[in-house]
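Fold and geometry: a report
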Amino acid sequence: MSRRHFLLASGLLASAPWLGTAIAQEARILRIGTASTAGIYFPIGGLIASAISSPPGSRECERGGSCGVPNLIATAQSTEGSAFNVEALERGDLETALAQADVAYWAYHAEGPYEDREPMRNLRTIANLYPEVIQVVTRAEAEIAHPEDLRGKRISLDRKGSGSLVDALLILEAWGLSPNDFEAKYLAPNIAASQLRTGELDGFFMVAGTPTPAVSDLTQEVSVRLLSLEGEPVEGLRERYPFFSPAEIEAGTYRTVPRTPTLSVGAQWLVDARLDEELVYQMTQAFWHPRHRRLFEEGHPQARRISLDTALNGLGTPLHPGAKRYYESIGITIVESYDVE
């Protein structure tokens, strides 16, 4: 697809008529794969796009203008989620994307759900962003108090290609369950929430930062319960899969929902290993520019958790050389835990 056709398809030319043919040819277009528009990835991807973009003709950063990468136009693109994104990066269908650390780790190493696949060695990381929480949302009247109570119910495991589905299957396995034990559906979170609201569904899994809009909106209309994930099954999961961390959904996160213990994985910003080192260096530098702190603080509650202090925590794949060069340039010591082939 040509740059101009991409601009037309994404609506950028229609929404910004100043992007004429000459501008479109001069600009570099970069797509950020996210997930469903009902989740957290899509707005976070939009904030990243705003931080790293500096379209041709923009005022310089020093003069109060954009502090993004000169002539770069980044745009958030809705996708099926983490599993879809890592495959798209490996194929070169996306330049950059968001994904769960566990999905990226498995894909890179060809382990877990990817054990019968070739290792996805084109995956690299720019930064760890924030923790994503495993949420099992059920309709209160469905009387699902424990994971074992999912048997015989109507449960969505999220869309095929999503990281939520991968983790849902691990959670089920830890409790000795499989999709064959209930009426399994594979719906996007917004559709699952809608069907739970109308009584067509008893519960759904999703992995996202909290509060998640789809769940917040749902609790305004129906009484829901979040399943507690704790005890020996969780300990077994953490022993087997060290990228899981204990977490809790605090009381008050959702209306009438009490404190709920659960698990989390890191949401991480990935990039194609074949992307130019200098470009990735500039993208990383723009992302962490001090002026963009306010953009994240005001842009989304979860974006407030994005911090240089945790940027290298629990990485699922090696750092891209451009990102590594940026971190080293500001005095951060890199402990590389991967042998990059």
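A short tour of the structure in this document, coming up. All figures in this text were calculated on a predicted structure; none of them were measured in a lab. (Residues numbered from 1 in each chain as written. Predicted model: local features only at pLDDT ≥ 70, side-chain atom pairs only at ≥ 80, totals over all residues. Heavy atoms only, no water.)

What to know about the nonpolar core
Grouped together as the largest cluster of nonpolar side chains are 60 residues, with contacts concentrated most on Ile-52, Leu-129, Phe-204, Met-283 and Phe-287. The leading source of residues in this core is helix α4 (residues 41–52), at seven residues. Leu-89, Leu-94, Trp-106 and Ile-144 belong to the second-largest nonpolar core, a separate cluster that totals 42 residues. (Core = buried A, V, L, I, M, F, W, Y, C linked by side-chain atoms within 4.5 Å. Buried < 20%, exposed > 50% of the residue type's maximum accessible area, 1.4 Å probe, protein only. Helix = DSSP H or I, 4+ residues; strand = E, 2+ residues; numbered from the N terminus.)

A short note on α4
End to end, α4 covers 16 Å across twelve residues, agreeing with the expected 16 Å (1.5 Å per residue, within 8%). For α4, every residue scored as buried is listed here: Tyr-41, Ile-44, Gly-45, Leu-47, Ile-48, Ala-49, Ala-51 and Ile-52. (Expected span 1.5 Å × (residues − 1).)

A short note on the packing of aromatic side chains
All told, the structure shown has seven aromatic pairs when counted by the stated rule. Note on Tyr-241 and Phe-244: the rings are 6.3 Å apart at their centroids and 85 degrees apart in plane angle, and the pair reads as edge-to-face. Take Tyr-241: its relative accessible area is 10%, and that puts it in the buried class. By the ring-pair criterion, three or more aromatic residues cluster together here, those being Trp-269, Phe-287, Trp-288 and Phe-296. Lying over the aromatic face of Tyr-108, Arg-121 brings its terminal NZ or CZ to 4.4 Å of the ring centre. Arg-325 extends its terminal NZ or CZ atom over the ring of Tyr-281, reaching a point 4.2 Å from the ring centre. (Phe/Tyr/Trp six-rings, centres within 6.5 Å; stacked < 30°, edge-to-face > 60°. Lys NZ or Arg CZ within 6 Å of the ring centre and 35° of its normal.)

Observations regarding the state of the cysteines
Covalent bonding between the sulfur atoms of two cysteines is what defines a disulfide. Here the structure, examined in full by the defined rule, presents one disulfide. Residue Cys-61 pairs covalently with Cys-67 via a disulfide, S to S 2.0 Å. Taking the torsion about the sulfur-sulfur bond, which here is approximately 70 degrees, the covalent link between Cys-61 and Cys-67 counts as right-handed. Each member of the pair Cys-61 and Cys-67 is classed as buried. (Disulfide = S-S within 2.5 Å.)

Details of the pairing of strand β9 (residues 203–208)
Of all six residues in β9, six are buried, a share of seventy percent or more. The side-chain alternation of β9 yields two buried faces, one formed by Gly-203, Phe-205 and Val-207 and the other by Phe-204, Met-206 and Ala-208. Pairing geometry for strand β6 (residues 123–139) and β9, over six bridges, is antiparallel. Within the sheet, the bridge partner assigned to Val-137 lies in β9 and is Phe-204. Both strand β7 (residues 154–156) and β9 contribute to a ladder of two bridges, which runs parallel. Bridged to Ser-156 within β9 is Phe-204. (Pairing = 2+ DSSP bridges.)

Digging into helix α11 (residues 277–287)
Because each turn of an α-helix spans 3.6 residues, side chains separated by three or four positions in sequence point in the same direction. Restricting attention to buried positions, one finds in α11 the residues Leu-279, Val-280, Tyr-281, Met-283, Thr-284, Ala-286 and Phe-287. At the N-terminal end of α11, a side-chain oxygen is found 3.1 Å from the backbone nitrogen of Glu-278, two or three residues along, and the residue is Asp-276. (Polar contact = N/O pair within 3.5 Å; in protein donor to acceptor, adjacent residues only side chain to side chain.)

As for the pattern of salt bridges
Counted according to the given criterion, the structure contains 17 salt bridges. Among the salt bridges present, the one from Arg-159 reaches Glu-80, with a minimum N-O distance of 3.5 Å. Here Arg-159, found in the loop between β7 and α7 (163–174), pairs with Glu-80, found in the loop between β4 (72–77) and α5 (82–91); they are 79 residues apart in sequence, far enough to count as distant. Among the salt bridges present, the one from Arg-91 reaches Asp-93, with a minimum N-O distance of 2.7 Å. Classification of Arg-91 by relative accessible area gives partly exposed; the value is 48%. We classify Asp-93 as partly exposed; its relative accessible area is 38%. One salt-bridge network, in which partners are shared between bridges, spans Glu-87, Arg-91, Asp-93 and Arg-117. (Salt bridge = Lys/Arg side-chain N within 4 Å of Asp/Glu carboxyl O.)

Section: the side chain of Arg-124
Of note, Arg-124 is situated in strand β6. At 7.3 Å, Glu-90 is the nearest oppositely charged side chain to Arg-124, a buried residue that forms no salt bridge. Polar side-chain contacts of Arg-124 include one of 2.8 Å to the backbone oxygen of Arg-121. (Lys, Arg positive; Asp, Glu negative; His and termini not counted.)

These results come straight from atomic positions and should not be treated as a statement about function.
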